[in-house]
Amino acid sequence: SKGDLLTYCHSDCLIKNDSLKSVAEIFKDVEIGIVISCLWYTNNTLQQSGGWINHDFRLSWSKKIPRIPTDVHWGDFWTIRSSLFKKIGQLDEKYGIGYWECVDLSTAVRMIGLRIVTCPMSKIIHFHGTTFKNLFSKDERNEIGRAHV
């Protein structure tokens, strides 16, 4: 990335209106490490707006707008400073495709004292599951799911 910010976007996300502009505004605060956009289903109901890890180490996702700050981000659509992404070491490939690489990145960002926040003005329509359905067979998707439980 050549810009100051890097946005990670799955192929099953549709960016609405001024979502990226709203995200960029939040980065004026130097204590922000990652900004999460609110993900919405196609029927206009909220899918999630950030999350946390439960006591039994399962991921939980907020269904309220907004939960600021948040503990972890979801892998479908998020923005980070390019310099921070390079400094932390990007996404750890040991997690493979799935969910935990985002938890790992979130933890690294929080450990250096930066915050992860949700941008309620950033609305992303998420065609939930389409990316994996296009890339993997049902058996492969099930195997990926089992590997990340």
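Since the model is a prediction, treat every value here as computed from it, not as a measurement.

**Details of the environment of Asp18**
Counting through the fold element by element, Asp18 comes out in the loop between strand S2 (13–15) and helix H1 (19–26). Among the residues examined, Asp18 registers a relative accessible area of 53% and is labelled exposed. Taking the C-alpha atoms as reference points, Asp18 and Met121, 103 residues apart in sequence, are found 8.2 Å from one another.

**Examining the pairing of strand S8 (residues 115–126)**
The sheet contact formed by S2 and S8 spans three bridges and is antiparallel. Bridge assignment links Cys13 to a residue of S8, and that residue is His126. Bridging between strand S3 (residues 32–40) and S8 involves eight bridges; their strand directions are parallel. Residue Ile36 lies in a different strand from S8, and its bridge partner there is Thr118.

**Considerations on the pattern of salt bridges**
Summed over all chains, the structure comprises two salt bridges. A salt bridge links Glu25 to Lys28; the shortest N-O distance between them is 3.0 Å. Assessed through its relative accessible area of 43%, Glu25 is described here as partly exposed. With a relative accessible area of 60%, Lys28 lands in the exposed category. Arg115 is the partner of Asp29 in a salt bridge, and the nearest nitrogen-oxygen pair spans 2.7 Å. Highlighted residues: Asp29 in the loop between H1 and S3 and Arg115 in strand S8, separated in sequence by 86 residues.

**Things to note about the packing of aromatic side chains**
Centre distance and the angle of the planes are the two values used to describe a pair of aromatic rings. Considering all chains together, one arrives at two aromatic pairs under this definition. A centroid spacing of 5.2 Å and a plane angle of 15° characterise the contact between Tyr8 and Trp78, whose relative ring orientation is stacked. Here the residue Tyr8 occupies a position in strand S1 (residues 5–9), and Trp78 occupies one in strand S7 (residues 77–81), the gap between them amounting to 70 residues. For Tyr8, a relative accessible area of 28% puts it in the partly exposed group. With a centroid separation of 6.1 Å and an interplanar angle of 55°, the aromatic rings of Trp78 and Phe85 are classed as tilted. Since its relative accessible area comes to 11%, Phe85 is described here as buried. Pairwise contacts between aromatic rings join Tyr8, Trp78 and Phe85 into one cluster.

**Quick notes on unusual backbone geometry**
Notably, Asn17 is not glycine yet its phi reads approximately 40°, a positive angle. One can find Asn17 in the loop between S2 and H1. Judged by relative accessible area, Asn17 falls into the exposed class, the value being 75%. Of note, Asn44 is a non-glycine position whose phi angle comes to about 70°, a positive value.

**What about the confidence of the model for the chain?**
Looking at the chain, the pLDDT average stands at 77 and 64% of residues meet or exceed 70. Of all helices and strands in the chain, the one with the weakest mean pLDDT is strand S6 (residues 59–61) (56), whereas H1 scores best (92).

The rules behind these values
Residues numbered from 1 in each chain as written. Predicted model: local features only at pLDDT ≥ 70, side-chain atom pairs only at ≥ 80, totals over all residues. Heavy atoms only, no water. Helix = DSSP H or I, 4+ residues; strand = E, 2+ residues; numbered from the N terminus. Buried < 20%, exposed > 50% of the residue type's maximum accessible area, 1.4 Å probe, protein only. Pairing = 2+ DSSP bridges. Salt bridge = Lys/Arg side-chain N within 4 Å of Asp/Glu carboxyl O. Phe/Tyr/Trp six-rings, centres within 6.5 Å; stacked < 30°, edge-to-face > 60°. pLDDT = per-residue confidence, 0-100.

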